[in-house]
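Per-entry structural report
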Amino acid sequence: MMEFCKAFNAKTQDMEAGSPCPTVITYYQDKSFTMEIKTPPASYFLKKAAKLKSGATNPGRDTAGSVSIAQVKEIAEAKMKDLNANDIEAAMKIILGSARSMGIEVK
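All of the points below concern the structure found in this document. (Residues numbered from 1 in each chain as written. Predicted model: local features only at pLDDT ≥ 70, side-chain atom pairs only at ≥ 80, totals over all residues. Heavy atoms only, no water.)

What about the side chain of Thr12?
By the secondary structure assignment, Thr12 is in helix H1 (residues 2-12). Note on Thr12: relative accessible area 15%, which makes it buried. Only 2.8 Å separates the side chain of Thr12 from the backbone oxygen of Phe8, close enough to count as a polar contact. Non-local contacts of Thr12, meaning those with residues more than four positions away in its chain, are made with Cys21 and Ile37. (Helix = DSSP H or I, 4+ residues; strand = E, 2+ residues; numbered from the N terminus. Buried < 20%, exposed > 50% of the residue type's maximum accessible area, 1.4 Å probe, protein only. Polar contact = N/O pair within 3.5 Å; in protein donor to acceptor, adjacent residues only side chain to side chain. Contact = heavy atoms within 4.5 Å.)

Structure follows, in structure tokens:
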């Protein structure tokens, strides 16, 4: 347990404090483990860029906030390794879909 905590803290020390970091842990019978730390969810980046606490209560009807295309591109670049996209344009479309589902307008 202590070994995991030390390894986790070492891998996450350069991340922003308080940001969620999805982690996949594989534990083996010999008590060794591997861990893969992913980037925070797109919703976290979108809420941070739009300066929101949460998305719209009625997405599609209400607008909770807005982000610029430049911010969407920046988020897509940060999330690129975890997204199922071949290029930055495809990654931006994924982020735009997340923004739409949260009621965040893209300007």
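A few points about the environment of Met92
Residue placement: Met92 occurs in helix H4 (residues 88-102). Along the chain, Met92 and Met80 lie 12 residues apart, while their C-alpha atoms are 9.3 Å from each other. Apart from the residues within four sequence positions on either side, Met92 is in contact with Ile69, Val72, Lys73 and Ala76.

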